[in-house]
Amino acid sequence: MTNVIETGPPLITIVDDEACIRESLSSLLRSAGYRANEYSSVEDFLSWGWWDESACLILDVRLPAMGGLDLQRYLAEAARARPIIFISGHATENEQTWAMLKGAIAFLRKPFSDEALLKAVRHSIALSRVIGGMNQGAG
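Each value, and the rule that gives it
- Residues numbered from 1 in each chain as written.
- Predicted model: local features only at pLDDT ≥ 70, side-chain atom pairs only at ≥ 80, totals over all residues.
- Heavy atoms only, no water.
- Helix = DSSP H or I, 4+ residues; strand = E, 2+ residues; numbered from the N terminus.
- Buried < 20%, exposed > 50% of the residue type's maximum accessible area, 1.4 Å probe, protein only.
- Contact = heavy atoms within 4.5 Å.
- Pairing = 2+ DSSP bridges.
- Axes fitted to C-alpha atoms, helices over the stretch in contact; angles between N-to-C directions.
- Core = buried A, V, L, I, M, F, W, Y, C linked by side-chain atoms within 4.5 Å.
- 1 Å grid on protein atoms, 1.4 Å probe; cavity = no way out; pocket = protein on both sides within 12 Å on 5 of 7 lines; lining within 4 Å.
- Points joined across faces, edges and corners; volume = space filled by probe spheres on them.

Peer 1: Can you walk me through the side chain of Ser124 in this structure?
Peer 2: With respect to the secondary-structure elements, Ser124 resides in helix H5 (residues 114–138). Take Ser124: its relative accessible area is 0%, and that puts it in the buried class. Residues contacting Ser124, with those up to four places away along its chain left out, are Ala55, Cys56, Pro83, Ile85 and Ile105.

Peer 1: Sorry, what's going on with the sheet that holds strand S4 (residues 84–88) here?
Peer 2: Backbone-to-backbone hydrogen bonds join strands into a sheet, with any given pair of strands oriented parallel or antiparallel. An order of S2-S1-S3-S4-S5 is seen for the five strands of this open sheet, with the pairing classed as parallel. Every interior strand has two partners, whereas the edge strands, strand S2 (35–39) and strand S5 (106–109), have only one. Between one strand and the next, the sheet's axes are offset by a mean angle of 20°, whatever the strand orientation. Bridge analysis of strand S3 (residues 54–60) against S4 gives four bridges, and the strand direction is parallel. Each residue of the ladder has a partner; that of Leu57, found in S4, is Ile84. Strands S4 and S5 of the sheet are contacted by helix H4 (residues 93–101), whose axis makes an angle of about 155° with S5.

Peer 1: Could you clarify how one ought to interpret unusual backbone geometry in this entry?
Peer 2: Note: most residues except glycine have negative phi, and most peptide bonds are trans. In this structure, Pro111 follows Lys110 across a cis peptide bond, with omega equal to -5°. For Pro111, the position within the fold is in the loop between S5 and H5. Notably, Ala79 is not glycine yet its phi reads approximately 55°, a positive angle. Taking relative accessible area as the criterion, Ala79 reaches 71% and is therefore assigned exposed.

Peer 1: Is there a simple way to explain the nonpolar core in this structure?
Peer 2: Grouped burial of nonpolar side chains is what soluble globular proteins tend to show. Grouped together as the largest cluster of nonpolar side chains are 20 residues, with contacts concentrated most on Ile12, Leu29, Tyr34, Ile58, Ile85, Leu117 and Val121. Every element with two or more residues in this core is listed here: strand S1 (11–15), helix H1 (19–31), S3, S4, S5 and H5. The element best represented in this core is H5, accounting for five residues. In terms of nonpolar packing, the next biggest core, distinct from the first, is built from 19 residues, Phe45, Trp51, Phe86 and Ala104 among them.

Peer 1: Looking at this structure, I do not really get the layout of surface pockets. What am I missing?
Peer 2: Regions of empty space are outlined by a rolling probe, equal in size to a water molecule, passed over the atoms. When its volume is computed, the second largest pocket comes out at roughly 150 Å³. Taken together, Ile21, Ser24, Leu25, Leu28, Lys110, Pro111, Phe112, Asp114 and Leu117 form the lining of the second largest pocket. Secondary-structure elements contributing two or more residues to the lining of the second largest pocket are H1 and H5. Sorting elements by how many residues they give to the lining of the second largest pocket places H1 first, with four residues.

What follows is the structure, encoded as structure tokens:
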């Protein structure tokens, strides 16, 4: 069984309802050597269906319908958990605490530095590789 992350640049998935944020993050990630997918909603991301290809998810906490915290819960319940970096300009302390308690890698408040995001992405990818290796050994 081949780990998707090892076959090319890691794929980072961005889910944010603001097009300028998605485009900016995607550009930053590509300039750092990653592949990036962008979705404007959790529903669009879920319709994609290839969740396991993502080495990491960058999620806005507050989205119009299903939010980032809802997606985190959904993926965990579906045994499809991925490393998650939350971003938000308006999250409450309770939302931040909940996200971290449920396993988020990082919680970045907008505006955040490029380096802070890239550091969290590198940590997420390292974690994805460890998890991927453990899953390969289990089969």
